[in-house]
Structure formats: C-alpha cells, structure tokens
Amino acid sequence: MQIGKTQTLKITGENHYQFILQDEGLSDEVFLSKNIAESSLEIGDEVSVFVYQDEGSLKATPETPYCEVGEFAVLRAVQTLPSGAFMDWGIIKDLFVPYKQQKGKIIENKRYLIYTYIDEETGLITGTTKFKRNPQYSNLPFKKGDKVDLILMNETELGWNVIINKQYIGLIFASDIYKKLYPLNEEVGYIKNIREDGKIDVSLQLEGYQNIDSFQQVILDTLDLYSGILYLSDKSTPEEIKELLHMSKKNFKKAIGGLYKAQKIEILEDKIRLK
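Scoring rules and cut-offs
Sequence positions are assigned chain by chain, starting from 1 and proceeding in written order. Given that the model is predicted, a residue must reach a pLDDT of at least 70 before its local features are reported, and side-chain atom pairs must reach 80 or more before they are shown or counted; all residues, however, enter totals for whole chains, interfaces and linings. Each side-chain value is derived from all of the structure's non-hydrogen atoms; neither hydrogens nor water enter the calculation. When the centres of two rings from Phe, Tyr and Trp lie within 6.5 Å, Trp using its six-membered ring, the rings pair. Their planes under 30 degrees apart give stacked, over 60 give edge-to-face, and anything left gives tilted. To qualify as a helix, a DSSP run of H or I must reach at least 4 residues; to qualify as a strand, a run of E must reach at least 2; elements of each kind are numbered from the N terminus. When a residue's accessible area, from a 1.4 Å probe over protein chains only, is under 20% of the maximum for its type it is buried; when over 50% it is exposed; and in between it is partly exposed. Pairing between strands requires that DSSP locate at least two bridges from one strand to the other. Axis geometry follows a simple rule: fit a line to the C-alpha atoms, using only the stretch in contact for helices, then measure angles between N-to-C directions, giving values from 0 to 180 degrees. By the convention used here, residues are in contact when the closest approach between their heavy atoms is within 4.5 Å. Every case where a carboxyl oxygen of Asp or Glu lies within 4 Å of a side-chain nitrogen of Lys or Arg is listed as a salt bridge. Counted as a polar contact is a pair of N or O atoms within 3.5 Å, where, for protein atoms, one must be capable of donating a hydrogen and the other of accepting one, and residues adjacent in sequence contribute only when both atoms are in side chains.

Visitor: Could you give an account of the packing of aromatic side chains, with specific residues and numbers?
Guide: Across all of its chains, the model carries six aromatic pairs by this definition. Relative to Y115, the ring of F72 lies with its centre 4.8 Å away and its plane at 50°, an arrangement referred to as tilted. Taken as a pair, F72 in strand 6 (residues 72–81) and Y115 in strand 9 (residues 111–118) lie far apart in primary sequence, 43 residues in all. Given a relative accessible area of 3%, F72 falls into the buried group.

Visitor: Can you lay out unusual backbone geometry for me, pointing to particular residues and giving the numbers?
Guide: A negative phi angle is the norm for most residues apart from glycine, just as the trans form is the norm for most peptide bonds. Backbone geometry at N109 places phi at a positive 75°, although glycine is not the residue there. Inspection of the secondary structure assignment puts N109 in the loop between strand 8 (95–98) and strand 9. Positive phi, normally seen in glycine, also occurs at Q263, with a value near 60°. In this fold, Q263 is placed in the loop between helix 3 (249–261) and strand 17 (265–267). With a relative accessible area of 58%, Q263 lands in the exposed category.

Visitor: Account for the sheet that holds strand 10 (residues 125–128), naming residues and giving values.
Guide: With antiparallel pairing, the five strands of this open sheet are ordered in space as 8-7-6-9-10. Two strands in the sheet have a free side with no partner beyond their single neighbour: strand 8 and strand 10. Strand-to-strand, the axes of this sheet are offset by a mean angle of 50°, without reference to chain direction. In the sheet, strand 9 pairs with strand 10 via four bridges, with the strands oriented antiparallel.

Visitor: Mind laying out the sheet that holds strand 16 (residues 229–230), listing which residues take part and the relevant values?
Guide: Backbone-to-backbone hydrogen bonds pair the strands of a sheet. The strands run either parallel or antiparallel. If you trace the three strands from one edge of the open sheet to the other, you get 16-18-17, paired in antiparallel fashion. Single-partner strands in this sheet number two, and they are strand 16 and strand 17. The pairing of strand 16 with strand 18 (residues 272–274) spans two bridges and is classified as antiparallel. Bridge pairing links L230 to I272 in strand 18. Across the face of the sheet, helix 3 comes into contact with strand 17 and strand 18 while running at roughly 120° to strand 17.

Visitor: Can you explain the environment of V49? Please cite residues and give values.
Guide: Structurally, the position occupied by V49 is in strand 4 (residues 46–54). Separated by 41 residues in sequence, V49 and T8 have C-alpha atoms that sit 6.3 Å apart. Not counting chain neighbours up to four residues away, the residues in contact with V49 comprise K5, T6, Q7, L9, L21, L32, A60, T61 and P62.

Visitor: For the pattern of salt bridges, give the residues involved together with the corresponding values.
Guide: Inspection of every chain in the model, using the stated rule, returns ten salt bridges. The partner of K192 in a salt bridge is D176, and the shortest N-O contact between them spans 2.6 Å. Within this pair, whereas K192 is found in strand 14 (residues 186–194), its partner D176 is found in the loop between strand 13 (168–173) and strand 14, the two being separated by 16 residues in sequence. Taken together, the shared-partner salt bridges in this structure form one network comprising D54, K59 and K93.

Visitor: So what's going on with the side chain of D176? Which residues, and what values?
Guide: Of the residues examined, D176 reaches a relative accessible area of 10% and is grouped as buried. A polar atom in the side chain of D176 sits 2.6 Å from the side chain of K192. Among residues more than four places away in sequence, those in contact with D176 are K192, V202 and S203.

Visitor: Outline the pairing of strand 7 (residues 84–88), listing residues and values.
Guide: Side chains on a regular strand alternate between the two faces of the sheet. Pairing of strand 6 with strand 7, which is carried by five bridges, proceeds in the antiparallel orientation. Across the sheet, R76 pairs through a bridge with D88, a residue of strand 7. As paired strands, strand 7 and strand 8 are joined by four bridges and run antiparallel to one another. By the bridge assignment, M87 is partnered in strand 8 with L95. As consecutive antiparallel partners, strand 7 and strand 8 are separated by six residues, and within that stretch G90 has a phi angle of approximately 95°, a positive value.

Next up, the structure:
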C-alpha cells in the first residue's frame, strides 16, 4: 500500500458507511466513505484513490491532492496552532506542518511552498518548509531542452531557485532572466543543463534557433506597437534590449537576422524598421 500516493485498489467489502479497499497483495485495508464515493460502486470494482491516514487508520478519497508524498506545492494555511499549521492540500483532511518543520512561522490564510514526506518517527504524512537548496540528483528524467513546469521559490545572488515538475529543485541564472519574477508564481521553463554534480540549470526560454520564431514574433508585435520603428540595433546594450523585449542580445541579433532575410524588416544604423 502506497501511503500518500494515488493508486488503483479493489473494493473487497463494505458496510453501511464505507467501502473496504485492498491492493493486489490483500495486505492492508483502506476505507472509502460512501459519502464521497460514486454511488454506482460495487464489491469487485477497481477505483483510483488517494491513500492517507486519519485517526489511526488508512483512508481513501477520490479527490486529487495538490501534491503527493515526494512533491512540492503552494498551499494555503487554514489553521495555526502552537504545535504546527494545517494546510489545505485539496482533500478532506488538511496537511499538518509541525512547528519544528517551519522555516519561518506559518501565518493563517497565507500561501507557502510545502514539501510533503513521510515522517520517519511518526510514519505520518507531513509537510515542511525546510528543504535543501540545489541538491545533487542522480538518474534525472530530463534531457537538455525538455519543457518543464516551474514554481518560483526565491531569488539569490545567482538567480532564482525553482521547483521543477513538483519534484526537483533547480536554478535559473540571473543572466537568463528577462522579466520580473515573483515568489510562488508558476512559469514554463526548459532544461538548460544537467551538471556533473547532479544540479539542474533551467531557462525561461529555449536556447539557440529553436525559439527564434517566438522571438521574431515578439519583435514584430513590438514594432507594431511602436509605429513600425524600434531604436534598437547591434550597438544597443543588453540592458536596453532586455528592458524593452525581455530577451537577450544574442537572441535579439538572431531574430532580427531572420526577419531581415525574410524581408520583414530593415536594419539601419541605430534602429530597425518594419517593411
């Protein structure tokens, strides 16, 4: 039985209030309340449920939590006590974050980045705001250029720490950031590099010519906005290009080169002009 995970279990019994579910090994019993189960379920049916603990027994729910064990998610605190905080994580029972697992005191109704794990001492599903920065990984399921979902963690001297696909911590270097970012926001990113030490570098944009079409479109849209003329050129500073177009000078030069060859723009000494 996988506690803290969504899995398919078989209904092996029932009483007036709940169904009894078991896995293929018929080891542990999990209880699914009939109040939240589909009315058409019968003994022998298989059902996809999330398994959690409640009042000393294993419970199942068809609800989908915002994160499972081994994952990160941004959760809202619904109640705080001296012993810890309860977070809304999408199912009927809230996730508990003990006081000793809070990096800073959690405040009711605020949102926090939470990692979910099984506590070794209690055996219970637990949340924490304490986690390693840029840990070393092995056997990563990524390759360079893969598109990934990001949750922004915090800004550092190097750039931004991010959560990748709810499971891994990576870094966007400051040199790859071309727009304002905010903690806990979600972004789409791309794997830029997996280093020998297992750390992951991420970019908000594809590298090289793969993303030139989208950069070209940004330039064309901005030209339309500025009456067909942009006072940017090869001589413009990276900061000037970043401020107006949210891209690097390298990508800007590649994009205007492609637009020039396609005869969509003219490249003049101190500006580009829409044809």
